[in-house]
Amino acid sequence: MTSYREVQSAVRVEKLRIWFAWACGNFILLAIALATQNIHIVSVITQLLLVAGFLALTVALFRMTGTLNRKAAEARKDVLGDA
């Protein structure tokens, strides 16, 4: 049987991975937008893609974090014996 500390540690590590992936994805989108800022029509398209990508990554971040929180709550209940 897992301990409460192991569950808490696993949740913290997964949340850190999710936030790191979100930050890396947004950094890549920003780098692409900055690289194309001097090409006029491409700049407009990449800015639109930057906004759409940011929104998609942010929605995915909060959905994954919410799911992880629900799974962690269930695991904590199992470990602590709550009904």
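Everything below is about the structure shown above.
Residues numbered from 1 in each chain as written. Predicted model: local features only at pLDDT ≥ 70, side-chain atom pairs only at ≥ 80, totals over all residues. Heavy atoms only, no water.

## Quick look at the side chain of threonine 46
Here is step 1: Mapped onto the secondary structure, threonine 46 falls in helix H2 (residues 40–80).
Here is step 2: Apart from the residues within four sequence positions on either side, threonine 46 is in contact with Ile32, Ala33 and Thr36. (Helix = DSSP H or I, 4+ residues; strand = E, 2+ residues; numbered from the N terminus. Contact = heavy atoms within 4.5 Å.)

## Focus: H2
Here is step 1: The end-to-end C-alpha distance of H2 is 59 Å, a good match for the 60 Å that 41 residues give at a rise of 1.5 Å each.
Here is step 2: Every buried residue of H2 is listed here: Ser43, Thr46, Gly53, Thr58, Leu61, Thr65, Leu68, Ala72 and Val79.
Here is step 3: Looking at the buried positions of H2, the neighbouring elements they touch are helix H1 (4–35).
Here is step 4: Immediately downstream of H2, the backbone of glycine 81 shows phi near 80°, a positive value. (Expected span 1.5 Å × (residues − 1). Buried < 20%, exposed > 50% of the residue type's maximum accessible area, 1.4 Å probe, protein only.)

## Regarding the nonpolar core
Here is step 1: Counting seven residues, the largest nonpolar core consists of Val7, Val11, Ile18, Leu61, Leu68, Ala72 and Val79.
Here is step 2: Counting residues per element, the ones that place at least two in this core are H1 and H2.
Here is step 3: Top contributing element to this core by residue count: H2, with four residues.
Here is step 4: Apart from residues no more than four positions distant in its own chain, alanine 72 is found in contact with Val7 and Val11. (Core = buried A, V, L, I, M, F, W, Y, C linked by side-chain atoms within 4.5 Å.)

## Overview of H1
Here is step 1: Between the first and last C-alpha of H1 there are 47 Å, a value that for 32 residues agrees with the 46 Å anticipated at 1.5 Å per step.
Here is step 2: Listed as buried for H1 are Val7, Val11, Ile18, Gly25, Asn26 and Ala33.
Here is step 3: Along its buried surface, H1 packs onto H2.

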